[in-house]
Amino acid sequence: MRTVLANQLSNVRVVSTDGHEVGTLQNITVDTATGELQSIVIDSDVQEIFGVERDPDGDIRLPASLIESMRDHLTIQPPAQQGVAGGGTVDS
C-alpha cells in the first residue's frame, strides 16, 4: 500500500469490495510505539458494519486489516472475504 498522509484521510468515502457504500472515514487509531495502523473509525448511517456495532461513543471501529486499497476512496474487504471472524454484510 502506498504512503498516505493522515490529513488526506479526513472525510474520505469508504466502500466495500462487494460494492456497498459503507460511510466516511472519521478517524484512525495508530500504535504510537510501532506506527502501525490499528483501526479505522467510520461515520455511517447504519447501526453496524460487518457485524461490528457502534461503541459507547457512537463510533464504528473496524480493524485496519480490512483495508484493501486507498485511492480517491478507501476500499475495505468484508471480513468473510478476508477470513476474519464475525463476517456479515453492510446494512443500509
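See above for the structure.
Please read all numbers here as calculations on a predicted model, not as lab measurements.

(A) How the structure looks around the nonpolar core. By size, the foremost hydrophobic cluster in this structure holds 17 residues, and its most contacted members are Val-14, Ile-40, Ile-42, Ile-49, Leu-62, Leu-74 and Ile-76. Those elements giving two or more residues to this core turn out to be β2 (21–30), β3 (37–43), β6 (60–63), β7 (67–70) and β8 (74–76).

(B) Geometry of the pairing of β7. Pairing analysis gives three bridges linking β7 to β8, with the strands arranged antiparallel. Note on β8: the bridge partner recorded for Met-70 is Leu-74. Between β7 and β8, which follow one another and run antiparallel, lie three residues.

(C) View of the pairing of β6. Burial along β6 is one-sided: the residues Ile-60 and Leu-62 are buried and none of Arg-61 and Pro-63 is. The pairing of β3 with β6 spans four bridges and is classified as antiparallel. Residue Ser-39 lies in a different strand from β6, and its bridge partner there is Pro-63.

(D) Just the environment of Gly-58, in detail. Turning to its location among the elements, Gly-58 is positioned in the loop between β5 (52–53) and β6. Expressed as a C-alpha distance, the spacing of Gly-58 and Asp-43, which sit 15 residues apart in the sequence, is 9.1 Å.

(E) Quick look at the pattern of salt bridges. Inspection of every chain in the model, using the stated rule, returns three salt bridges. Taking the shortest distance from any N to any O, the salt bridge between Asp-55 and Arg-61 comes out at 2.9 Å. With a relative accessible area of 34%, Arg-61 lands in the partly exposed category. Within the structure, one salt-bridge network assembled from shared partners comprises Asp-55, Asp-59 and Arg-61.

(F) Representation of the sheet that holds β8. Read from one edge to the other, the open sheet built from six strands follows the order β6-β3-β2-β1-β8-β7, with strand pairing classed as mixed. Only two strands of the sheet have a single partner each, and these edge strands are β6 and β7. On average, each strand axis in the sheet is inclined to that of its neighbour by 40°, with strand direction left out of account.

Cut-off values and rules
- Residues numbered from 1 in each chain as written.
- Predicted model: local features only at pLDDT ≥ 70, side-chain atom pairs only at ≥ 80, totals over all residues.
- Heavy atoms only, no water.
- Core = buried A, V, L, I, M, F, W, Y, C linked by side-chain atoms within 4.5 Å.
- Buried < 20%, exposed > 50% of the residue type's maximum accessible area, 1.4 Å probe, protein only.
- Helix = DSSP H or I, 4+ residues; strand = E, 2+ residues; numbered from the N terminus.
- Pairing = 2+ DSSP bridges.
- Salt bridge = Lys/Arg side-chain N within 4 Å of Asp/Glu carboxyl O.
- Axes fitted to C-alpha atoms, helices over the stretch in contact; angles between N-to-C directions.

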